[in-house]
Amino acid sequence: MSDLRLVDVALSYGSRTALAGLDVTIASGERVAVLGPNGAGKSSLLRCMTGVLPLSRGQVLLDGVPLAELGREAIARRIAVVPQQVDLPFAIRVEEVVALGRIPHERSFHGPTAHDREIVDEAIHRVGLDAFVGRDARELSLGERQLVLIAMAVAQQARLLLLDEPTVHLDLRHQVQVMDLLADLNDRDGLTILAVLHDLALAAHYFPRALLLDGGRLVADGPPAQVLAPERVRTTFGVDAAVWMGGARPGV
Amino acid sequence: MRAGVAPGIPALSARARPATPRWRRPTTVAAVGLAALAVALVAGLAFGSVSIPLGDTVAILAHRLLGWPVAVTWPTSSETIVLELRLPRVLMAMLAGGGLAVAGATMQGVLRNPLADPYVLGTASGAALGASLAVLVPLPLGLLGLGFGQLLAFVGAVVAVALVWRLSRASRLGSLTGLLLTGYAVGSLLAAGLSMAMVLSGAQLRQIVYFLLGSLATATWQQVAVAAPLIIAGVAVLAWRARALDALMLGDETAAHLGLAVARERVILLAFAALVTAAAVATCGLIGFVGLVVPHMVRLVVGPAARPLLPLAAIFGAAFLAFADLLARLPGELPVGIVTAVIGAPFFLLILRHVRTGYEL
């Protein structure tokens, strides 16, 4: 059980409004895509969901408890976030990056336990990175690094996984690989998945529910077929496009 | 969690994690470091302007410090040289070297910058300005065995970092860039003050130059007694926050998502790194190189995780500076900062060129 409820969430950076009062509930076990044009507030929404940005109004409830009342560590044990990319200042092996996912479970003086190492090995295997163990994470391709960050989040063992444009730098093969993995984590492990996506076709194919943001407001919420109706895509993104839902691989 | 590879992902053969070669395991590396530290201790006590036989040196230590029943066969002068003159000096070198290496590793981690060193946020110029002011206005003040110059150097280092911290919070740049640039700006301002003091110092210029190059020649037991608690407590706090240092490697936001109270942890890490640095430079002057390079050497062998990194940096920093100080006084009191660079830089370049561990910079 891990549901996340946003109640009238508003956020502004200085005078610029990023989110203008959103009400959304993400139920346990859901797989949700967050869509919208650049500047619609997608990344801001993600940051609000983890409490790293102070809200200007409203609140975020994790299983009914406001995030503001939970410590950062308690939040990190229940919500894992996969960032777009991170710059690593020092040479570091793939398994060492994944092991950083255990930080919210570790105690200050004690190093990682045998149990922690087991979970890290499992996460590496789950994401399909066994062949990369021992490699310097900085030498991997962007797609491979994205998988390393997902493995780190898996090792965090949170029930809720938030991803910020996980496929943005990836070629088609890696996009499909990441999407398959997310679907699998959702289906088999029961993780709740919420991903900010730019690729409407991928969202339509892999996600049963989509949130469409525009100008800091939630303009549509439902199955991608409804959310991405042609006239809505036109008004939101300003382009004439249709999203095909049929076939093995959808297209825009 | 069930094991298995997601459908659609090319099945990769599950491989056992390749074992780290024995010589690179943190425990092995620590054992090597402690052995080097022991050698540095005995050599540092035995050699100098007057050489004392190694056997006598070890026997004096065993007899006087550990209380072992050893027959006294050495002259009293040997004991005075070993225990009163050289031991505080060797210990001071170890404290300063270990402290600077840990402070450097911390600064590099917090600022996410491999070029950072313990002096990057103004400690060096603050301490130097403090020390040079004391040369210009030599008040007969002292505290706990520290001279006026050392007190002002300590105060200068701490005030400089506090100033950099306060000013950077008002900057509109991203917090780390703002912090580094503020450190650079404040450092330049203080360095201008230092240059002015050097111009005005006249015949006392030599004293300022010696502070800038670092020296352990004036170390006394009393100074060790003052510096040791500050440096040891500071290093212990930093080692205790190792987890925070690891998380910050990924950047502020990801660190927060791993459960870190980023702003608080950063202040703790920077404050204690600055405290350790201030204690080291106040007693020994500006010793360069140790704080920049020792952390990199350790990372090259055991990787960047802070839990092995900080203690090992302490051990190797201590051994390195103790050896450097020994080499500095053998030809008759060279400034130790010259030796750390002359010995350390070629050694580091050699390692960068030839050591292949998978952790190359």
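Residues numbered from 1 in each chain as written. Chains lettered and ligands numbered in written order. Predicted model: local features only at pLDDT ≥ 70, side-chain atom pairs only at ≥ 80, totals over all residues.

Okay, the domain arrangement of chain A next. Residue and element names in this part refer to chain A. By domain assignment, chain A separates into domain 1 (1-78 + 158-252) and domain 2 (86-157). Averaged C-alpha coordinates put domain 1 and domain 2 at centres separated by 24 Å. The partner domain 2 presents ten residues to the twelve residues of domain 1 that form the contact. Of all the secondary-structure elements, those providing two or more residues to the side of domain 1 that touches domain 2 are α2 (72-76) and α6 (172-189). With three residues, the top contributor of residues to the side of domain 1 that touches domain 2 is α6. For the side of domain 1 that touches domain 2, the residue count by class is seven nonpolar, two polar and three charged. (Domains from an automatic or database assignment. Contact = placed C-beta atoms within 7 Å. Helix = DSSP H or I, 4+ residues; strand = E, 2+ residues; numbered from the N terminus. Nonpolar A, V, L, I, M, F, W, Y, C, P; charged D, E, K, R; others polar.)

Residue and element names in this part refer to chain A. By the element assignment, Gln-226 lies in helix α8 (residues 224-227). By C-beta crowding, Gln-226 is classed as exposed, having 12 other C-beta atoms within 10 Å. C-alpha of Gln-226 to C-alpha of Ala-210: the two residues are 16 residues apart in sequence and 9.1 Å apart in space. (Buried ≥ 20, exposed ≤ 12 C-beta atoms within 10 Å, placed from the backbone.)

Time to look at the packing of helix α1 (residues 26-46) of chain B against helix α2 (residues 54-65) of chain B. Residue and element names in this part refer to chain B. Their axes nearest at 9 Å, the elements α1 and α2 cross at an angle of 110°. Looking at the two axes, α1 sits roughly perpendicular to α2. Across from Val-42, Leu-45 and Ala-46 in α1, the residues of α2 making contact are Leu-54, Thr-57 and Val-58. Partitioned by chemical class, the residues of the contact of α1 with α2 number five nonpolar, one polar and no charged. (Axes fitted to C-alpha atoms, helices over the stretch in contact; angles between N-to-C directions. Parallel < 35°, antiparallel > 145°, perpendicular 65-115°, else oblique.)

Residue and element names in this part refer to chain A. Across the sheet, which stays open at both edges, the four strands sit in the order β2-β1-β4-β5 with antiparallel pairing between neighbours. Looking at the sheet topology across the chains shown, the edges are occupied by β2 (16-26) and β5 (65-66). Strand direction decides the pairing type here: strand β1 (residues 4-13) and β2, joined by eight bridges, are antiparallel. By the bridge assignment for β2, Tyr-13 is matched with Arg-16. (Pairing = 2+ DSSP bridges.)

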